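Next come the chains, spelled out residue by residue.
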Amino acid sequence: MTEEELIVEFALTRLDNPGLDLEEVAALVVRRVGPERMLEFAGQTLAHRDELRGAVFPAAVEHVLRVVLTLRGD
């Protein structure tokens, strides 16, 4: 999944759930994309942190937030 596709998925999820904060929306995105993407996202977070192990779901949510906040800018 490209960063652009992830942003679109995040935006659509946020439109469906306007009362949620960014982390809650990111968690919904991770749940929606399925286990394979969750592992991909978690792996990217752990690689970014230079860690070998970590909890999959929180690491995947962190990846989604990092991409969204990086592309969003200041």
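What you are looking at is a predicted structure, and each value in this text was computed from that prediction instead of being measured.

**Student:** Could you give an account of the pattern of salt bridges, with specific residues and numbers?
**Tutor:** Applying the stated rule across the entire model yields four salt bridges. We note a salt bridge from Glu40 to Arg37, for which the minimum N-O separation is 3.0 Å. Of this pair, Glu40 and Arg37 both sit in helix H3 (residues 35-49), three residues apart, roughly one helical turn. By relative accessible area, which is 28% here, Glu40 ends up partly exposed. Here the residues in one salt-bridge network are Arg49, Glu51 and Glu62, joined through shared partners.

About the cut-offs
- Residues numbered from 1 in each chain as written.
- Predicted model: local features only at pLDDT ≥ 70, side-chain atom pairs only at ≥ 80, totals over all residues.
- Heavy atoms only, no water.
- Salt bridge = Lys/Arg side-chain N within 4 Å of Asp/Glu carboxyl O.
- Helix = DSSP H or I, 4+ residues; strand = E, 2+ residues; numbered from the N terminus.
- Buried < 20%, exposed > 50% of the residue type's maximum accessible area, 1.4 Å probe, protein only.

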